[in-house]
2 protein chains.
Amino acid sequence: MYGIKLCRGSSVSLVKQLYSALINLIRQGELKGQERLPSTRELAKELAVSRNTVNEAYQLLVTEGYIYSKAGAGYIVHKKCAAEEAPHVCFAEKERNYHEIEYNFSLGIPDIHAFPFLMWNSYQKKTLFQFKKEDFAYGDPQGYLSLRQEIAKWLFRSRGLQVHEEDVFITTGTTQAINFCLELLKPLQQTFIIEDPCYYPVAHSLQRLNFLYQSIRVDEEGINVPAIKDYQHAICGCYVTPSHQFPKGSVLSDGRRAKLVKLAEERDFYILEDDYDGEFRYNQTALTPLYSLCPERVIYMGTFSKTLFPALRIGFILLPKKFHAQWKTLRSVYDRQNAIHDQITLSFFMQERKIDVYIKKMNKVYAKKLQILLDSLKKYFPQNLKFLGVNAGLHIALQVTGAKFDEKFYEKCFENKIALSFYPCKFYQKEFITEQNERDILYLGYGALEETQMGSAVKRLASLL
Amino acid sequence: MYGIKLCRGSSVSLVKQLYSALINLIRQGELKGQERLPSTRELAKELAVSRNTVNEAYQLLVTEGYIYSKAGAGYIVHKKCAAEEAPHVCFAEKERNYHEIEYNFSLGIPDIHAFPFLMWNSYQKKTLFQFKKEDFAYGDPQGYLSLRQEIAKWLFRSRGLQVHEEDVFITTGTTQAINFCLELLKPLQQTFIIEDPCYYPVAHSLQRLNFLYQSIRVDEEGINVPAIKDYQHAICGCYVTPSHQFPKGSVLSDGRRAKLVKLAEERDFYILEDDYDGEFRYNQTALTPLYSLCPERVIYMGTFSKTLFPALRIGFILLPKKFHAQWKTLRSVYDRQNAIHDQITLSFFMQERKIDVYIKKMNKVYAKKLQILLDSLKKYFPQNLKFLGVNAGLHIALQVTGAKFDEKFYEKCFENKIALSFYPCKFYQKEFITEQNERDILYLGYGALEETQMGSAVKRLASLL
C-alpha cells in the first residue's frame, strides 16, 4: 500500500519505519490534505504487521500534528501539513536580548579572545599592498587559487590528507556547503540519511528542498551504520559529523567508518563528511577522515568559523570530480564567489603556518576549559552524571539521571542570565528526534565561557535544576 | 483540460499561452514522461481554439525537446523533460581561456581601474584599528548595523528614498537576493512573472526551484505591463530591471511603473525591483524607484558589484516587514551572514561620502566610453544600425538590420580574441526567449574596455560580420 516497504530485523523499529514512510508520503503530496488514511486494521493486514504497530505510528503522527482522528472517519491528513504547506522545522529562537546574558553555554561558539588579531591585521595590510587589480573583478567561483593551495597543504600537515588544489572549493561556511550538496543530490530523488539527533540546518534544508529523508539514531560509536544498511530504499547521500557528533558528541568508530564508506560504494550514495570540531581533540589521536578512504564518494566539509573566527565566513569542501562543473554553476547563480580580501589574507596566514600555531594553542585553551567544566559539574551537581563527547570539540552532552530538561527549564535559565542552545527540545521537533528520554541530556558549550566564569556558571545552573 | 485557461485579447498570443501552460504542466509533473498528449483536434475543441494554434504550440515544444511525435500515437512527453529530470537552462559557457582575449565586450563587467584602491585601503586600515572583538563572532544575519544605516542615508542622497535601517538587509549580491526572494515566495505556489528576455540567473533559479513562471515581452518602454494584467492566473511575484532592462536596455516608462505597482496591489503580488545599472545614467534624470511607490509591495535590490568592485560581494535589499523574520531564518541556515571586515570598511567609505564621489566620476568615465563606442560603431558598421539602451548602464543593445548573430558568429569572435556575452542565443534557450528575430541584436558591454581600445575593437568586430 502506497509503496511502503518495511524491513524486518532492522535496528530501526517497524513503528519508526512506518511512521517515517507516512511522513514522506505526506511531505511528497502522495497523501494529500484531508485525505483519509487506511484503517489500522486494513494497513496492518496489507503490511503484515500487528495493528498495534500501525496504531503506534498513527499516534506519533497525531502527536506531531501530521494527522488527526475524526469520529467515524478514522485518521485524516491535516491540511496544513500536506505538501502544499509542508511543516518547517521551527529552529528560530525567540528574539532574545543576549546582552543581558552572563553565562553563555550556547553551542558552536568559539573563543575569539585569544585570536591574534594584531597579527591577522598585519596580513591584511600585506594584502592591501600586494593585491592585483584583477583579483577585485569577478573571480573563479571555485575560490582564490593561492588559498586553495594553502588549504591543500594544511590538510596534509594537520590530517595527512593528500589532496590536490583542483578538488578544493572555497565556501562561505558549512551551512552553504550543506545546501549546495543537497541541491546537487536532489535530482536523484532518493532518500537522504541524517543523524538522529542532527545539526539543525541540515534538517531545515531537507524540509525546504522537499527531500525524502530518514534519520538514523546515533549511539556512543556515532551513527548506527548497520541501521543504514538495513534501510531498504535507494539512498542518495548521508550526512555525518564523525569527529564529534553534533550534538551528542560521540566519535564515529573506526569499524563504522570503514563500513559506512563500503556501504556508500555498494549502494551508490555520497557521504557528506562534516568535520565539525575535528581540529580540537583531547586525549585522542587524529582520526582518519572518511574522505581519505574514498575521495570519489565523500564530500569533505571544513570551516574556519571555529578554528579562526565566525565572521570570517570562509570554509571549504573537498569535492569529487563528478560534481565540479555542477558546483561551479550553482555557485555562479547563487552568490558567485567569496569576497576576495579575506581570502588573500587567509592564504598569507596559512602560508606562514600561523594557523597551525593558533590551533595548537587553542587545543590547550579548550582542554583546560573542559577540565574546569567537568570538575565544576562534579562539584555542584549532586545527581548521578554521565558525560558524553568529552574527547573533542567545544561542547559536551551531560546526562543527568532523573532530570527532565524541558522548555520551562531553558526559560528559567534564560531568566537567570544563562544562555543554553535549545537542543534537542526545540530544534528537533517532529521526526528529527525520536526518543523522549533524551530530555535528561543537557548540551553545554564551553567555547564562549571564560575559565574564571566556569565555576560560578555551573553553580548557578545546578541551582536551577 | 488540464486546467488550462487561455485569455483572449491578451497581448500574449494564444500559441504562447498554450505553450507556456503545457511547459508548466510538464515541469510540475502533471504531464509525466511518456504520457500521450491529447490530439490537436481534441485539445483545440476543448479550449475552443483553432487546430492550428494547438499545432503551433506542439511544434514549439517539439523543437525544444519537451515532446516528440510518434507515428500513430500522436505527441508524447519526453521522459528526460518530465518533472523527474526538469531541463535546466544551459547558461554555462564553454571553459574558455579568457587570458587570450584582447577585446572584452562581456556584459555586467565594471571598470575597476579607476577605483580608489589606495583610499579603500586606508579605510581597511581604519577598520583594523577600530573593530571590536565582538564583531568577529557570529553577528546579525541582517547585516552590520552601521553599514545598514549608511546605505539608508546614501539611498536618500542618491535616490530620494526614505528608508529606515531596519528595512535594509545586507546580501552578498543580487544573485543571492533573487534566490532568497524566490524561496520566500515559493510557498504561495503561484506564477512568477519574468521579463523576456531576462537576467539568466533568475531563469536558472526558477527552473531549479520548480516554479510556475510566465515570461512577458519587453519593448522600448520596458516590460509589457498590460500583458501582465491580461495574465489570468494568480501571480506571486514579478522580477523587473526598470532602470536599464537586462539585457535589452530599455527603461520602464513612468506610466508602466505606476500601473505595475497598482497591479501588484490589486492582484496581491510582490515586485522584485532589481535596480541594475540604476547608478549610471546618461542624458536622463534619476528615476523614482518602484519601491518608493509602495514599500510593502516592492523588494528593492541593489549591489555594490558594479558601483565599487565585483569581488567585494556586498549588496543589499529593502524588504517589506512581512518578510523580515523569514529572511533572517533563511539567511541563518544558508550562509549566516556576510563577512564582517568588508562590511565595516564599506560603512566608513560611505560615511565619508566617498561612494558619491566615485559614482559621479564613473558616470563621466562610462558616458565617455559609450560615446566613443557609438561613434566607432557608426564609423565601422556599414549597415543600418539601431541603438537600444543608450541612456543608462554599462552595455547597449545594437540592432543590425539584416544581420544574424548566431552561435557561429560568437565562436568566430572568440577565435579572433573578442569576448561577447552570449545573449540571447545561448542563455535564452527554450521558453525564456520567444522571438527568432532577436538574432539581429548584439549586446555590447563597454565597462571592461578601455577608451583607447574601443575603436580597434569595433573595427575588428565589424570585419567579422
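Since the model is a prediction, treat every value here as computed from it, not as a measurement.

Caption draft 1: Spotlight on the overall build of chain A. A count of helices and strands for chain A gives 15 helices and 15 strands. Compactness check: chain A gives a C-alpha radius of gyration of 23 Å against a globular reference of 23 Å for 465 residues, within 12% of the reference. On the principal axes, the C-alpha backbone points of chain A span a range of 75 × 55 × 40 Å. Looking at chain A as a whole, 61% of its 465 residues qualify as buried. Across chain A, the fraction of contacts at a sequence separation of at least 24, relative to all contacts at a separation of at least 6, is 75%. When the 60 basic and 52 acidic side-chain charges of chain A are each reduced to a single mean position, those positions are 1 Å apart.

Caption draft 2: Here's a closer look at the relation of the copies chain A and chain B. Between chain A and chain B, the superposition needs a rotation of 180° and an axial shift of 0.0 Å, giving an RMSD of 0.1 Å. Viewed as a symmetry operation, the transformation between the two copies matches a two-fold axis. Nearest to the rotation axis, the C-alpha of A:Lys125 is located 3.6 Å from it, this being the minimum over chain A. A high fraction, 98%, of the interface residues of chain A reappear at the interface in chain B, so the copies pair face to face through one surface.

Caption draft 3: Here's a closer look at helix H1 (residues 14-27) of chain A. Residue and element names in this part refer to chain A. The end-to-end C-alpha distance of H1, which contains 14 residues, comes to 20 Å, matching closely the 20 Å that a straight helix rising 1.5 Å per residue would cover. Burial of H1 is extensive: 13 of the 14 residues sit out of reach of the surface. A positive backbone phi angle near 80° is found at Gly 29, which sits one or two residues after H1.

Caption draft 4: Geometry of the sheet that holds strand E7 (residues 222-223) of chain A. All names here are of chain A. In spatial order, the strands read E4-E11-E10-E9-E8-E5-E6-E7; together these 8 strands make up an open sheet with mixed pairing. In this open sheet, the two strands that pair with only one neighbour each are strand E4 (168-171) and E7. Across 3 bridges, strand E5 (residues 191-196) lies against strand E8 (residues 235-240) in parallel orientation. Among the inter-strand pairings, Phe 192 is bridged to a residue of E8, identified as Gly 237. Relative to the sheet, helix H11 (residues 324-334) contacts E4 and strand E11 (315-318), its axis offset from that of E4 by approximately 20°.

Caption draft 5: Fine view of the nonpolar core. Among the nonpolar cores identified, the biggest contains 184 residues, and A:Phe304, B:Phe105 and B:Phe304 are the most heavily contacted of them. Apart from residues lying up to four places away in sequence, A:Phe304 is in contact with A:Ile151, A:Trp154, A:Phe309, A:Leu312, A:Ile314, A:Gly315, A:Phe316, A:Leu346, A:Met350 and A:Ile355. Judged by nonpolar contacts, the second largest core, of 74 residues, contains A:Ala177, A:Ala203, A:Tyr443 and B:Leu388.

Caption draft 6: Fine view of unusual backbone geometry. Residues and elements named next belong to chain A. Here the bond from Phe 246 into Pro 247 is cis, since omega is 5°, no more than 30 degrees from zero. Not every positive phi belongs to a glycine, and Arg 353 is a case in point at roughly 60°. With respect to the helices and strands, Arg 353 occurs in the loop between helix H12 (340-351) and helix H13 (354-380). You can call Arg 353 partly exposed: its relative accessible area is 47%.

Caption draft 7: Examining the pairing of strand E1 (residues 67-70) of chain B more closely. All names here are of chain B. As defined by bridge partners, E1 adjoins strand E2 (residues 74-77) across 4 bridges and the pair is classed as antiparallel. Counterpart to Ser 69 in the pairing with E2 is Tyr 75. What sits between E1 and E2 in their antiparallel hairpin is a turn of 3 residues, with Gly 72 showing a positive phi close to 80°.

Caption draft 8: Main features of the sheet that holds strand E15 (residues 441-445) of chain A. All names here are of chain A. Strand order in the open sheet formed by 3 strands is E12-E13-E15, with antiparallel pairing between adjacent strands. Each of the sheet's edge strands pairs with one partner strand only, and the pair in question is strand E12 (385-388) and E15. Within this sheet the neighbouring strands show an average axis-to-axis angle of 25°, counted without direction. Note: strand E13 (residues 395-400) against E15, 5 bridges, orientation antiparallel. When the bridges of E15 are listed, Gln 399 appears paired with Ile 441.

Caption draft 9: The arrangement of the interface of chain A and chain B in detail. Facing the 51 residues of chain A at the interface are 50 residues of chain B. Between chain A and chain B, roughly 4,600 Å² of surface is buried when both sides are summed, and carbon and sulfur atoms account for 61% of that area. On the chain A side of the contact with chain B, A:Tyr138, A:Val333 and A:Tyr334 bury the most area, a combined 15% of that side's loss. Across the contact surface, chain A and chain B share 2 salt bridges. A salt bridge links A:Arg208 to B:Glu183; the nearest nitrogen and oxygen atoms lie 2.8 Å apart. Elements that contribute at least two residues to the side of chain A that touches chain B include exactly helix H4 (117-130), helix H6 (174-185), helix H7 (200-208), H11 and H12 of chain A. In terms of residue class, the side of chain A that touches chain B is built from 23 nonpolar, 15 polar and 13 charged.

Caption draft 10: Region of the structure containing the pairing of strand E13 (residues 395-400) of chain B. All names here are of chain B. Counting buried positions along E13 yields 5 of 6 residues, so the element is predominantly enclosed. Here strand E12 (residues 385-388) pairs with E13 via 4 bridges, running antiparallel. Its bridge partner lying in E13, Leu 388 is registered against Ala 397. Remark: 6 residues form the turn of the hairpin made by E12 and E13, two consecutive strands paired antiparallel; Gly 389 in that turn has positive phi of roughly 70°.

Caption draft 11: Focus on the pattern of salt bridges. Residue and element names in this part refer to chain A. Across all of its chains, the model carries 34 salt bridges over all chains by this definition. Between Lys 262 and Glu 266 there is a salt bridge whose closest N-O contact spans 3.4 Å. Of this pair, Lys 262 and Glu 266 both sit in helix H9 (residues 254-267), 4 residues apart, which is roughly one turn of that helix.

Caption draft 12: Up close: the packing of H4(A) against H12(A). Residues and elements named next belong to chain A. Here H4 crosses H12 at 115°, and the two axes come no closer than 9 Å. With respect to the hand of their crossing, H4 and H12 are arranged in right-handed fashion. In this structure, H4 uses Met 119, Trp 120, Tyr 123, Gln 124, Lys 126, Thr 127, Leu 128 and Gln 130 to contact H12, whose residues at the interface are His 341, Asp 342, Ile 344, Thr 345, Leu 346, Phe 348 and Phe 349. When the residues that make up the contact of H4 with H12 are grouped by side-chain class, the tally is 8 nonpolar, 5 polar and 2 charged.

Caption draft 13: Expanded view of the packing of aromatic side chains. Counted under the stated rule, the structure contains 59 aromatic pairs over all chains. Each ring, one from A:Trp154 and one from A:Phe304, has its centre 5.5 Å from the other, and the planes form 40°; the classification is tilted. Placement of A:Trp154 in helix H5 (residues 145-159) and of A:Phe304 in the loop between strand E10 (298-303) and E11 is noted, with a sequence separation of 150 residues between them. The same class applies to A:Trp154 and to A:Phe304, which are both buried. Between A:Tyr270 and A:Phe323 the ring centres are 4.9 Å apart and the planes differ by 70°, which places this aromatic pair in the edge-to-face class. Separated by 53 residues along the polypeptide, A:Tyr270 in strand E9 (residues 270-274) and A:Phe323 in the loop between E11 and H11 bring together distant segments of the chain. As far as burial versus exposure is concerned, A:Tyr270 and A:Phe323 are alike and both buried. Pairwise contacts between aromatic rings join A:Phe115, A:Phe117, A:Trp120, A:Tyr123, A:Phe309, A:Phe349, A:Tyr358, B:Phe131 and B:Phe136 into one cluster. A:Arg336 extends its terminal NZ or CZ atom over the ring of A:Tyr138, reaching a point 4.3 Å from the ring centre.

Conventions adopted
- Residues numbered from 1 in each chain as written.
- Chains lettered and ligands numbered in written order.
- Predicted model: local features only at pLDDT ≥ 70, side-chain atom pairs only at ≥ 80, totals over all residues.
- Heavy atoms only, no water.
- Helix = DSSP H or I, 4+ residues; strand = E, 2+ residues; numbered from the N terminus.
- Rg over C-alpha atoms; globule rule 2.2 N^0.38 Å.
- Buried < 20%, exposed > 50% of the residue type's maximum accessible area, 1.4 Å probe, protein only.
- Contact = heavy atoms within 4.5 Å.
- Lys, Arg positive; Asp, Glu negative; His and termini not counted.
- Charge placed at Lys NZ, Arg CZ, Asp CG, Glu CD.
- Least-squares fit on C-alpha atoms with pLDDT ≥ 70 in both.
- Expected span 1.5 Å × (residues − 1).
- Pairing = 2+ DSSP bridges.
- Axes fitted to C-alpha atoms, helices over the stretch in contact; angles between N-to-C directions.
- Core = buried A, V, L, I, M, F, W, Y, C linked by side-chain atoms within 4.5 Å.
- Buried area = accessible area lost by both parts, 1.4 Å probe.
- Salt bridge = Lys/Arg side-chain N within 4 Å of Asp/Glu carboxyl O.
- Nonpolar A, V, L, I, M, F, W, Y, C, P; charged D, E, K, R; others polar.
- Left-handed = near helix turned anticlockwise from the far one by under 90°.
- Phe/Tyr/Trp six-rings, centres within 6.5 Å; stacked < 30°, edge-to-face > 60°.
- Lys NZ or Arg CZ within 6 Å of the ring centre and 35° of its normal.

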